[in-house]
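Chains, contacts and geometry: an overview
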Amino acid sequence: REIAERELIDTMVRHQASHDMLNGLPNRVLFHDRLHVAIQRANRHHGRFALACIDIDGFKHVNDTHGHAAGDALLQEIAARLPLQLRANDTVARLGGDEFALILEDIDDPQLALQLCQKLCATLGEPYTLCIGGSAVEVSIGASIGIAPDLPHEHPDADEQLIHAADHAMYHAKKSTRNSVTVAPLKPKAQ
């Protein structure tokens, strides 16, 4: 019985170290691990994937207007909506604050990633009803999403290059129209 309890505690500790405490999504540590695996898999199988960075438009307003409890409830609702539009082999992670990241596996065409992320924008832009202190609060937000289509290569910091490209595309979406998706420029695939 003690061994089973210890194993359960060990499992819980491992989960807490790799998942966001607020919403249960993979955290930054697990995200980087899965991104590294996705790069290796893509290189090994000559496949492609896409990385998407998401920043929530209007999150600060919700937090400032309705308090941190509303912000936390909103992050939990966003975390519940994101996986509904994705496939089982994709990864959704919360990097911190109101920033999320997606690893979209087996994406050979950047247009597929764009279409998927446009659907996510629409889904995330639908109104939320949050229960705060026994009261229902309705809020609306948007999402700015930047996509970096992976073009596998053996560069030692490929993961950081992909994150930078997706992040840059996300800021471009945020500056242009908000609640939109931008794809980072495509680079030729290394053979």
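Please read all numbers here as calculations on a predicted model, not as lab measurements.

It is worth spelling out the packing of aromatic side chains at this point. Per the counting criterion, the structure on display carries zero aromatic pairs. In this arrangement the basic side chain of Arg81 is found over the ring face of Tyr128, its NZ or CZ atom lying 3.5 Å from the centre.

In this structure, Ile54, Leu74, Ile78, Leu102, Leu104 and Ile145 are the most contacted members of the largest nonpolar core, which totals 37 residues. Mapped onto this core, the elements with two or more residues apiece are β1 (50-57), α3 (59-66), α4 (68-81), β3 (99-104), α5 (110-124), β4 (128-132), β5 (135-139) and β6 (142-149). Here this core gets seven residues from one element, more than from any other, and that element is α5. In this structure Leu102 touches Ala50, Leu51, Ala52, Ile54, Leu86, Thr91, Val92, Cys117 and Leu120, once residues within four positions along its chain are discounted.

With that out of the way, let us pick up α3. Turning to α3, its buried residues are Phe59, Val62 and Asn63. One side of α3 carries all its buried residues, which in axial view fall inside an arc of 95 degrees. Exposed positions of α3 whose direction lies more than 90 degrees from the buried face are Lys60, His61 and Asp64. Elements that come into contact with the buried residues of α3 comprise β1, α4 and β5. Phi turns positive, to about 95 degrees, at Gly67, one or two residues after α3.

The rules behind the values
- Residues numbered from 1 in each chain as written.
- Predicted model: local features only at pLDDT ≥ 70, side-chain atom pairs only at ≥ 80, totals over all residues.
- Heavy atoms only, no water.
- Phe/Tyr/Trp six-rings, centres within 6.5 Å; stacked < 30°, edge-to-face > 60°.
- Lys NZ or Arg CZ within 6 Å of the ring centre and 35° of its normal.
- Core = buried A, V, L, I, M, F, W, Y, C linked by side-chain atoms within 4.5 Å.
- Buried < 20%, exposed > 50% of the residue type's maximum accessible area, 1.4 Å probe, protein only.
- Helix = DSSP H or I, 4+ residues; strand = E, 2+ residues; numbered from the N terminus.
- Contact = heavy atoms within 4.5 Å.
- Arc of directions from axis to C-beta.

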